[in-house]
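Residue-level structural notes
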Amino acid sequence: MNAPSTVNNNELLGHPKGLFILFVTEMWERFSFYGMKALLIFYLTQYHLFNDQSGNLLIGSYAALVYAMPVLGGFLADRYLGFRKAVLFGGILLVLGHLGLAFEGREASIAANGDVVRDDFALQVFYFSLALIIMGVGFLKANISSLVGELYPPGDKRRDSGFTIFYMGINIGSAAATIVCVWLGEAYGWGYGFGAAGVGMFFGLISFVKGRPYLLGKGEPRNPEQLRKKTRYGLSQEWLIYTLTILGSAVVWQMVQSHSTVEKLLMVAGAASLIYITYYAVTQLDKVGRERLIALTVLIVFTVIFWALFEQAYTSLNLFADRVLDREIFGITIKAGQFLSLNAIFIILFAPVFAMLWVKLGRFNPNTAVKFSFGIILVGLGFGALVLGINLATMGKVAMIWLVLAYLLHTWGELCLSPVGLSAVTKLSPPKIVGFMMGVWFLATASSEFIASVLANIAAIDTEGGEIKDIEMAKGVYLELFEYLFYAGMFFGVLLLAISPLLKKFMHGVDRELNN
Ligand code: GLN
């Protein structure tokens, strides 16, 4: 491939133009990701007639794998591919995977003897498409975030706001997706909703390819000659990685169908990552580098709690909205899945407010650990709002304002933790393993997704063909889960607050720059 031509006048709105290329690419990637994810639980429970439990568990396995794979993608990018090639390859896999989902097959039916008859071939196509998406996200998600970090030299004060802009791109994609794909899926058929997600990813890929000159050669492989060198298998190192990934999709295809295997994989990946981090900290770093890496790792562990609560959105909260929420306003019934777009809409509205708030607070600006603890407390409070809402609805459905309030609090929590966290990874991590550490950041989300699906099953309800029988009983079940999540958020949030002074010390001033 030819070297990219460079462009003059490299800034837009005070940021490198490359940021906006990554913004658009990630916007479309998240459009496809969230569009499909919002449809998933309904597609499984209403079209293929999965019961709640198996639907939640499949989503848990998929979501866990999708966020676990970036560790591998990040590691391969650090050592071999570089971030740009990894993102490109991931994008191609994603287009293929999303288009595969557009094939919906025959709808499940209930036989005379009460058994559910499913289109098994269509389901296998579906699982294989999920595997391609899992691999695609594995190569794209962490590496595109690391590439954002590469656009800013160390100490560049614009880094945090760069990540906030990038995070808005994520959420513009997700807001549009949950409205457009859910509408297409429910009004015209699942294939249209999933297909739209695939078309979105295709736009993302085109933007990334076309925008390459604006990346100014960032994110290229560390050692391009070695990458081109033939290995003993006859392929270059680069093509060997691509080939192994395709072969690996077949393994993931099987894994996504086995929740217990995913559980084991998560444990192995988590333990292996911690061992590698410890090895790296002990053998490769001085005291300051080591303590920063420890602080980062502790922060990442706490994100598991945050996302486990937050990710109820796609299972228990989605079903709660469908079943017991009064969704009617001005004579229009809002579709349950469309409530998911509130999170993204609130991010778009409040991200600039939070970015300004941190700056305005000046020396009172809380450090990253304190912000993380606020995040966890806020997500807990969101469930507190739902507990209140259910208790106030003595008879019949719950008013929708409570879910809106819950998503508002969840979003405020997310803004205290997620963009701040991505930026923190690119600063606290040793430069040579930044891709890997970004992968570990998402691996934490992977564990949360798994835990989230198990938690969601506390509120699994037996249905008849996807419909609940007794609203009052359903409310009681959701109340129990939400109370539990409220207390969990309070407990872990306060715990992190208590140890935040120690973490601040371990960050050795990086945090001061982070908050500028
Ligand atoms: N919503 C964000 C995204 O899609 C954060 C996901 C995460 O880190 N768990 O990028």
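The present account deals with the structure reproduced in this document.

About the criteria used
- Residues numbered from 1 in each chain as written.
- Predicted model: local features only at pLDDT ≥ 70, side-chain atom pairs only at ≥ 80, totals over all residues.
- Heavy atoms only, no water.
- Near = heavy atom within 4 Å.
- Polar contact = N/O pair within 3.5 Å; in protein donor to acceptor, adjacent residues only side chain to side chain.
- Areas by Shrake-Rupley, 256 points an atom, 1.4 Å probe, with all protein chains shown as cover.
- Helix = DSSP H or I, 4+ residues; strand = E, 2+ residues; numbered from the N terminus.
- Phe/Tyr/Trp six-rings, centres within 6.5 Å; stacked < 30°, edge-to-face > 60°.
- Buried < 20%, exposed > 50% of the residue type's maximum accessible area, 1.4 Å probe, protein only.
- Lys NZ or Arg CZ within 6 Å of the ring centre and 35° of its normal.

The ligand sits among Arg30, Tyr34, Tyr67, Lys141, Tyr167, Ile170, Trp307, Glu414, Ser418, Trp441, Phe442 and Thr445. A distance of 2.6 Å separates an oxygen atom of the ligand from a polar atom in the side chain of tyrosine 34. Threonine 445 is positioned with one of its side-chain polar atoms (N or O) 3.1 Å from a nitrogen atom of the ligand. Compared with its free state, where it exposes 290 Å², the ligand has 97% of that area covered by protein. Going through the elements one at a time, helix 1 (17-47), helix 4 (159-188), helix 13 (401-428) and helix 14 (434-456) are the ones with two or more residues in the shell around the ligand. The element best represented in the shell around the ligand is helix 14, accounting for three residues.

Attention now goes to the packing of aromatic side chains. Taken as a whole and assessed by the stated rule, the structure comprises 37 aromatic pairs. With centroids separated by 5.2 Å and ring planes inclined at 75°, the aromatic side chains of tryptophan 28 and phenylalanine 31 adopt a geometry described as edge-to-face. Placement of both tryptophan 28 and phenylalanine 31 in helix 1 is noted, with a separation of three residues, approximately one turn of the helix. Residue tryptophan 28 is classed as partly exposed on the basis of its relative accessible area, which comes to 22%. Cluster of aromatic residues (ring-pair linked, three or more members): Tyr43, Tyr47, Phe126, Tyr127, Trp190 and Phe194. When the ring centre of phenylalanine 33 is taken as reference, the NZ or CZ atom of arginine 30 above it lies at 3.9 Å.

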